[in-house]
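# Structural overview for review
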Amino acid sequence: MTIDVVIPARNEATTVADVVAAALGCRFAREVVVVDDGSTDGTAERALAAGAKVVRRETPTGSKANAMELGVASTDSDAILFCDADVVGLTATHLDDICRPYVEGRAAMSVGWFDYGMLNPLVRRLPPTSGERVVPRWVWDSVHPGKRTGYSIEIMINEVIAEGRLPTTVRIMPGVTHRTKRHKLGARKGYRETWRMFWHLIGLPVRGVVRWRTCWFYLRGLTVEG
Ligand SMILES: Nc1nc2c(ncn2[C@@H]2O[C@H](COP(=O)(O)OP(=O)(O)OP(=O)(O)O)[C@@H](O)[C@H]2O)c(=O)[nH]1
Ligand SMILES: [Mg+2]
């Protein structure tokens, strides 16, 4: 079984090299692919120097999901370990721990949550929204093409898993955080964008884009490890 790592990155020069280093150290990962479409801060160069294969487009694809699609298309692995490029504190051990339940056949999807400290017991019971997750290629292929857009792609992957009632494992990645939109865009714009994203996600079941039973599945069907 092969697992390739796909890292969508747009203007993540600050963190991308460390994320690539963690991915290259993951014992289950074969190849590490960074997808950069239109970065202006040298993200692709840093990723390349750190040892990643870089899929580069001069023009933006328009969204994280589109970038992920390019990354998946550039590999032929059986499974994909997705990872955001703006993660801080990530190590190869965190990624090994995410992959292990999948490799050992205990989970069809295994997800890592950021470390929210005292909130961890609550957070890890929620439908997972973080980008750090391993899924078999067929799960990605099963996300309806019309839903492979924007920043709700993780919810759409969740939906495929929930519809199949497939075993899912979540774990906290101790010490791992990320550069939020506030860091990247400044406080005012960052908070505005974060709220926009939050309401968009909340609105998905309300607007019928994803079924309520997807949420229900995650509230009762998760195996929490670590
Ligand atoms: N290649 C590429 N990567 C993208 C694009 N949009 C987002 N990304 C990357 O996808 C990852 C997650 O994107 P973020 O914008 O941080 O979204 P998020 O982590 O869901 O939101 P925050 O909680 O605000 O950090 C990061 O590595 C981004 O650089 C895009 O259009 N193209
Ligand atoms: Mg982020």
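Predicted model, so just to flag it, every value in this text is computed and none were measured.

Close contacts around ligand 1 come from 17 residues, with Pro8, Glu12, Asp37, Asp86 and Lys181 the closest. Take Lys181: an N or O atom from its side chain is 3.0 Å from an oxygen atom of ligand 1. A distance of 2.9 Å is found between an oxygen atom of ligand 1 and a side-chain nitrogen or oxygen belonging to Lys184. For ligand 1, whose unbound accessible area comes to 630 Å², protein coverage reaches 89%.

A separate point is helix α4 (residues 92–103). With 12 residues, α4 should cover 16 Å at 1.5 Å per step; its first-to-last C-alpha distance of 15 Å lies within 8% of that length. Listed in full, the buried residues belonging to α4 are His94, Leu95, Asp96, Ile98, Cys99, Pro101 and Tyr102. Buried residues belonging to α4 abut β1 (3–8), α1 (16–25), β4 (79–82), β6 (109–113), β7 (133–136) and β8 (168–172). With its phi angle positive at about 80 degrees, Gly105 sits one or two positions after the end of α4.

A few words now on the packing of aromatic side chains. Per the counting criterion, the structure on display carries 6 aromatic pairs. Seen in terms of ring centroids, Phe198 and Trp199 are 5.6 Å apart; in terms of plane orientation they differ by 75 degrees. Their pairing is edge-to-face. Since its relative accessible area comes to 40%, Phe198 is described here as partly exposed. Relative to Tyr218, the ring of Phe217 has its centre 4.9 Å away and its plane inclined at 85 degrees; by these criteria the two rings are edge-to-face. A single burial state applies to Phe217 and to Tyr218, both of which are buried. An aromatic cluster is built from Trp195, Phe198 and Trp199, whose rings are joined through pairwise contacts.

Moving on, we get to the pattern of salt bridges. Under the criterion given, the structure shown has 20 salt bridges. As a salt-bridge pair, Glu12 and Lys184 come within 2.8 Å of each other at their nearest N and O atoms. Taken together, the residues span a long stretch of sequence, with Glu12 in the loop between β1 and α1 and Lys184 in helix α8 (residues 181–185) at a distance of 172 residues. Lys184 sits in the partly exposed class, given a relative accessible area of 34%. Note that Glu159 is salt-bridged to Lys147, the shortest N-O span being 2.9 Å. A residue pair is termed long-range when its members are at least 10 positions apart, and Glu159 in helix α7 (residues 153–163) and Lys147 in the loop between α6 (137–142) and α7 qualify at 12 residues. Of the residues examined, Glu159 reaches a relative accessible area of 8% and is grouped as buried. Three or more residues joined by partner-sharing salt bridges are found here, namely Asp97, Arg100, Glu104, Arg106, Arg171 and Glu225.

About the cut-offs
- Residues numbered from 1 in each chain as written.
- Chains lettered and ligands numbered in written order.
- Predicted model: local features only at pLDDT ≥ 70, side-chain atom pairs only at ≥ 80, totals over all residues.
- Heavy atoms only, no water.
- Near = heavy atom within 4 Å.
- Polar contact = N/O pair within 3.5 Å; in protein donor to acceptor, adjacent residues only side chain to side chain.
- Areas by Shrake-Rupley, 256 points an atom, 1.4 Å probe, with all protein chains shown as cover.
- Helix = DSSP H or I, 4+ residues; strand = E, 2+ residues; numbered from the N terminus.
- Expected span 1.5 Å × (residues − 1).
- Buried < 20%, exposed > 50% of the residue type's maximum accessible area, 1.4 Å probe, protein only.
- Contact = heavy atoms within 4.5 Å.
- Phe/Tyr/Trp six-rings, centres within 6.5 Å; stacked < 30°, edge-to-face > 60°.
- Salt bridge = Lys/Arg side-chain N within 4 Å of Asp/Glu carboxyl O.

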